Amino acid sequence: MNRKLSFSLAAGIAIFGIVFLATRFSSRLRSHKPSQNTGYVNEIGVAELDSIEYFIEPSSPDEGAQVAEQLAKRAFSTIQQVGEQSLPNEGQLRQLLIDRIKLMFNPEYDVFVNQVGDLLGRDGHEALRGTMFEDEKLWYIFTNTYKYAGVAIDATRATLDLGSVTMGVGLWGGQQTTFGDPGVYGSNALVENGATVFSVGIPVMLPPENTPEAKIMVVYATLSFVFDKSRGKWIPHRTAVYDPTGTLGALPSLWM
């Protein structure tokens, strides 16, 4: 497996495309929240990212699958049990996390649609109808940003709450962009009613866009899942992208 300290330039997202599609789906973008910037630096977070010696950038789908397995193993090794009970349906949660990370490195819309269908027990295309990710092109605009990302496995951590990955609660300083359930899973009501939330924070290095002022971004990417007792399974709830320096400007949203 290649371990890389630097990245090749990745093709930038076409501005006119994102503007067109965002305009077309403006009524469906409520789940996306622009970057919140506190105006000061989270020195602890900056020091942690600076201390990471290398990021792994998978160079093939097979390597992406291996990295996904390693990230999941690391995440679950850092989590404590919920009281005296283990996580409900832990095997399904672990596989969901692996599947989503694999899809991040190797985005395929049909695989995404099938995952949605399996989670909800219905046809995936039907479940996505009327949501922003009904449009395959828009989905790829989101996913291609993270396709060539590098990740730091040993610095990955998991928590059993949402507050520790929410701006103004457990994180201070820097800036954060969040992306919630785009009307697919119905996870918001579960979280509001106190369902268990499992969040995985992964240090991520993003290659620069193909523009003169572009630069590498090193951020925390968080994937949060909530347990649905009625279905006995975990479903995606929210993502967050966090820059402890607060200097990187607009942060690219991580898709759901």
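Thresholds applied
Residues numbered from 1 in each chain as written. Predicted model: local features only at pLDDT ≥ 70, side-chain atom pairs only at ≥ 80, totals over all residues. Heavy atoms only, no water. Helix = DSSP H or I, 4+ residues; strand = E, 2+ residues; numbered from the N terminus. Expected span 1.5 Å × (residues − 1). Buried < 20%, exposed > 50% of the residue type's maximum accessible area, 1.4 Å probe, protein only. Axes fitted to C-alpha atoms, helices over the stretch in contact; angles between N-to-C directions. Parallel < 35°, antiparallel > 145°, perpendicular 65-115°, else oblique. Left-handed = near helix turned anticlockwise from the far one by under 90°. Contact = heavy atoms within 4.5 Å. Nonpolar A, V, L, I, M, F, W, Y, C, P; charged D, E, K, R; others polar. Salt bridge = Lys/Arg side-chain N within 4 Å of Asp/Glu carboxyl O. Patch = residues over 30% accessible without salt bridge, like charges linked within 9 Å, V, L, I, M, F, W, Y side chains within 5 Å. Areas by Shrake-Rupley, 256 points an atom, 1.4 Å probe, with all protein chains shown as cover. Core = buried A, V, L, I, M, F, W, Y, C linked by side-chain atoms within 4.5 Å.

## Quick notes on helix α4 (residues 90-105)
So, step 1. For α4, with 16 residues, the first-to-last C-alpha span of 23 Å sits near the 22 Å given by 1.5 Å per residue.
So, step 2. Residues of α4 that are buried: Gln-92, Leu-93, Leu-96, Leu-97, Ile-98, Arg-100, Ile-101, Leu-103, Met-104 and Phe-105.

## Structural notes on the packing of helix α3 (residues 61-78) against α4
So, step 1. Two elements in contact, α3 and α4, have axes separated by 8 Å at closest approach and are oriented at 140°. Classified by the angle between their axes, α3 and α4 sit oblique to one another. Here α3 and α4 pass one another in a crossing that is right-handed. Facing Gly-64, Ala-65, Val-67, Ala-68, Glu-69, Leu-71, Ala-72, Lys-73, Ala-75 and Phe-76 of α3, the residues of α4 in contact are Glu-90, Leu-93, Arg-94, Leu-97, Ile-98, Ile-101, Lys-102 and Phe-105.
So, step 2. When grouped by side-chain class, the residues that make up the contact of α3 with α4 number 12 nonpolar, 1 polar and 5 charged.

## A look at the pattern of salt bridges
So, step 1. Under the criterion given, the structure shown has 4 salt bridges.
So, step 2. Linking Arg-157 and Glu-48 is a salt bridge whose minimum nitrogen-to-oxygen distance equals 2.5 Å. Taken together, the positions of Arg-157 in strand β3 (residues 157-159) and Glu-48 in helix α2 (residues 43-51) put the pair 109 residues apart, joining distant regions of the chain.
So, step 3. For Arg-157, a relative accessible area of 42% puts it in the partly exposed group.
So, step 4. You can call Glu-48 partly exposed: its relative accessible area is 22%.
So, step 5. Linking Glu-126 and Arg-129 is a salt bridge whose minimum nitrogen-to-oxygen distance equals 2.9 Å.
So, step 6. Taking relative accessible area as the criterion, Arg-129 reaches 53% and is therefore assigned exposed.

## Here's the deal with a nonpolar patch on the surface
So, step 1. A cluster of nonpolar side chains, contributed by Tyr-40, Ile-44 and Trp-172, occupies part of the molecular surface with about 350 Å² of accessible area.
So, step 2. Looking at where Tyr-40 falls in the secondary structure, it is placed in the loop between β1 (32-37) and α2.

## Here's the deal with the nonpolar core
So, step 1. Core analysis: the biggest nonpolar cluster contains 59 residues, and Phe-112, Phe-133, Phe-198 and Val-204 have the highest contact counts within it.
So, step 2. Top contributing element to this core by residue count: α4, with 8 residues.
So, step 3. Residues within four places of Phe-198 in sequence aside, it is in contact with Phe-76, Ile-79, Leu-87, Leu-93, Ala-158, Thr-159, Leu-160, Leu-223, Ser-224, Phe-225 and Trp-234.

Geometric values such as these leave the question of function open.
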